[in-house]
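Here is how the chains run, residue by residue.
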Amino acid sequence: MEATFATIIAAATPLMFASIGETISEKSGVINLSLEGSLMLSALAGFVIAFETNNTWLGFGAAALVGAAFALIVAFSSITLRLNQVAVGFVLAILGIALSSFLGSSYTGKPGGEIAVPPIDIPVLSDIPFVGGVLFSHNIVVYMSLIVVLVVWAFMYRTRPGLSLQGVGERPDAAHSRGVSVNKHRYAYTVIGGALVGIGGAAFSLDAKLGWSFLHTRNFGWIALAIVIFGGWHPLRVAVGVLLFGLLQWLALDLQEVFPDLTQVLPIMPFVLMILALVLVNADWLREWADKHPRWGNIVRGDAPSAIGTPFSPE
Amino acid sequence: MTVRSGEDASGVRKAAIGILPFLIAILFAAVLILLVGENPIEAFRLILKGSLGSTNKISDTIMVWVPLTLAAAGLVVTFSAGLWNIGVEGQIVLGAIGASFIAREVSGPWYIVVPLTLIFGVIFGAIWALLAGVLKTKGKVNEIFGGLGLDFVATGLTLYLIIGPWARPGIASTSGTEPFPDEALLPNIGNTRFSPLAVIIAILAILGVWLLLRGTRFGLKLQAVGRNPKSAYLMGIPTNRYILGAFAICGGLAGLAGAIQATGFHLKLVPSVSGGYGFLGILVVLLAGSRAIWVAPISAFFAIVAVGSISLTLRLGIDSAIGGVLTGVLVLFALIAAGLRDYRQRKRAEARPPEPEQDTAPNDAGVAS
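Attention here is on the structure that accompanies the text. (Residues numbered from 1 in each chain as written. Chains lettered and ligands numbered in written order. Predicted model: local features only at pLDDT ≥ 70, side-chain atom pairs only at ≥ 80, totals over all residues.)

### A word on the overall build of chain A
Helix and strand counts for chain A come out as 14 helices and zero strands. For chain A, the succession of helices and strands along the chain, N to C, is α-α-α-α-α-α-α-α-α-α-α-α-α-α. The globule rule puts the C-alpha radius of gyration for 315 residues at 20 Å, and the 20 Å found for chain A is close to it. Seen through its principal axes, chain A has C-alpha atoms that stretch 55 × 45 × 45 Å. (Helix = DSSP H or I, 4+ residues; strand = E, 2+ residues; numbered from the N terminus. Rg over C-alpha atoms; globule rule 2.2 N^0.38 Å.)

Written out as structure tokens, the structure is:
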């Protein structure tokens, strides 16, 4: 049991970074749909740079840069050029996949043992029965992913700049009249979110799924986008969504032994179930229930930032 | 991406804007090929030779063009309705499953079996697309995510069929089902994959979509929904019905593409039966916009690059993904070039002194009356 929970948390790390990064970006009003491609290419960049320099952290830096660069293209084309965010994001997703396949072919199957993120047991805390094993016997990247969730949550809901971030995504006109530069904020948060996505990519290739293989992070970019919606654009709920997905993945892996005939099919099931969950979260009856019971309702309901996907021009 | 009657951009400049993304894409690919230590000119020559260099190669390229064109023609319809039909991959797969079902279960002369495979492809694809449509209109699930989910389900379903009920006797492998009997295969010419019937179907699909959008009340209203669903609804257009209609048409054409993939290219059901032509079709439509006719040449270029880059792997050892990089960069820069042009026009308009109040609201939805 202890080992299971620990495994799920460790395996969820890349998706945690990616989903929280996307949450920040979308909260400011910009959908970065390129995740499938940026996650893939940053995973490759992280592995290649770490492999060539023999320095794990340079790999993470390179991956963050790749993620930020993708986000910058999305920001420029949607904020400055007012192009359709979905169009540009989708092209970047496809382009990132193709680029990673092309550039990564010579790194397929290279051993990464020496550049893997080293584990660190947190003294004292890791000795706590159960909790210590689940939460405090991982590595720095896993700890950081959990800290990022808490920091982003606290920033969004407990600080003044966080309030501006929400305002930029919810009511850009009002934010503008309060003197907040809407487009500058959107640029900044999109790029920061993209850098987190990139770190998520490196968390794949240097930790959770060490190494590089063809389509190494396949489908995880898409599922990160779905989890942001599932999580109602709230960092803590997004984190719960990531862990829930991790649990489903673990179950699918475990069930392979029970149903050996379905070995090929089961790994896809978590993705299917996650989308079904999305349908449920959006269902009208749940919304009505949430409206009637605000105390509990606020936990399950989540609305998209009102200005999501729409360019802002101060006039 | 909509057609803009070029206000002050001269013909030459418009052509330059069209050609520039193309040059950037070629240059980008060339640099990457140099980076891996190969000669780009030789690589581009091999791409052309590998796609158009012999009768067999040309047939293969045409048989990639057909499903890509069918999917893209369908996507023009959903695109015109303002929908992002990311579920198109799954719709192709379901079309292939529908056709495979007939190919496996029905025996008879080819002129009965082949049309049946195609019809079932259309039906299966359309049903799968309607699921995404219903998720959107009834379940309020954005079609991007409903579609992605259904793509996953379709992949799972194919894998299940191939290793489960439709497994080859004695072999549990994901390499595919038993090859279809001859009478279920799309009639081809000689030893090539070339099937004139498939080409005729693709051309008819383009013309059909073009006519639908240009010449019918349904098409005009559909575009009104695409431009502004709210005002279209207020004008009395039953928006949801049009959205479902667009999904069904696109799914039907994508299903047809899947049926042709199964019975004309792979000759059996394989896990990767869609060939990725759904997502590639979305890129085609990002270039073509609502102009159905443009789908034909753009798909042809994409097919040449896709088929030709496979020979790069065989001859130079370069990963064939370079073809995807080339087309991806092309579409990205085409979008950015269009965005920059609009941006400059906006800036110029802002620089001019404000004109007296005038009604510039687009009256596009007026076709509803």
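### Comments concerning the interface of chain A and chain B
Accessible area lost on assembly of the parts is the figure often given for the size of an interface. Between chain A and chain B, the residue contacts involve 31 residues of the former and 36 residues of the latter. At the level of secondary structure, the elements contributing two or more residues to the side of chain A that touches chain B comprise helix H3 (56-80), helix H4 (85-104), helix H10 (220-230) and helix H12 (269-282) of chain A. Per-element accounting of the side of chain A that touches chain B gives the leading share, 12 residues, to H4(A). The residue inventory of the side of chain A that touches chain B, partitioned by class, reads 24 nonpolar, six polar and one charged. (Contact = placed C-beta atoms within 7 Å. Nonpolar A, V, L, I, M, F, W, Y, C, P; charged D, E, K, R; others polar.)

### As for helix H11 (residues 277-288) of chain B
Two residues of an α-helix separated by three or four positions point the same way, owing to the 3.6 residues in each turn. Between the first and last C-alpha of H11(B) there are 16 Å, a value that for 12 residues agrees with the 16 Å anticipated at 1.5 Å per step. Of all 12 residues in H11(B), 11 are buried, a share of seventy percent or more. In this structure, the buried residues of H11(B) make contact with H4 of chain A together with helix H3 (55-80), helix H4 (88-105), helix H10 (239-266), helix H12 (295-315) and helix H13 (322-351) of chain B. (Expected span 1.5 Å × (residues − 1). Buried ≥ 20, exposed ≤ 12 C-beta atoms within 10 Å, placed from the backbone.)

### Notes on the environment of Ala129(B)
All names here are of chain B. By the secondary structure assignment, Ala129 is in helix H5 (residues 110-137). Taking the C-alpha atoms as reference points, Ala129 and Phe180, separated by 51 residues in sequence, lie 26 Å from one another. Each residue touching Ala129, except ones within four places of it in the same chain, is listed here: Gly87, Gln91, Phe247, Ala248, Cys250 and Gly251.

### Thoughts on the packing of helix H1 (residues 2-27) of chain A against helix H6 (residues 140-158) of chain A
Residues and elements named next belong to chain A. Across the interface, H1 lies against H6 with an axial gap of 8 Å and an inter-helix angle of 25 degrees. Here H1 lies roughly parallel to H6, going by the angle between them. The way H1 lies across H6 gives a crossing that is left-handed. Facing H1, whose interface residues are Ile9, Ala10, Thr13, Met16, Phe17, Ile20, Ile24 and Lys27, H6 presents Val141, Val142, Ser145, Val148, Val149, Val152 and Met156. Grouping the constituent residues of the contact of H1 with H6 by class yields 12 nonpolar, two polar and one charged. (Axes fitted to C-alpha atoms, helices over the stretch in contact; angles between N-to-C directions. Parallel < 35°, antiparallel > 145°, perpendicular 65-115°, else oblique. Left-handed = near helix turned anticlockwise from the far one by under 90°.)

Interpretation in functional terms is not warranted from these geometric data alone.
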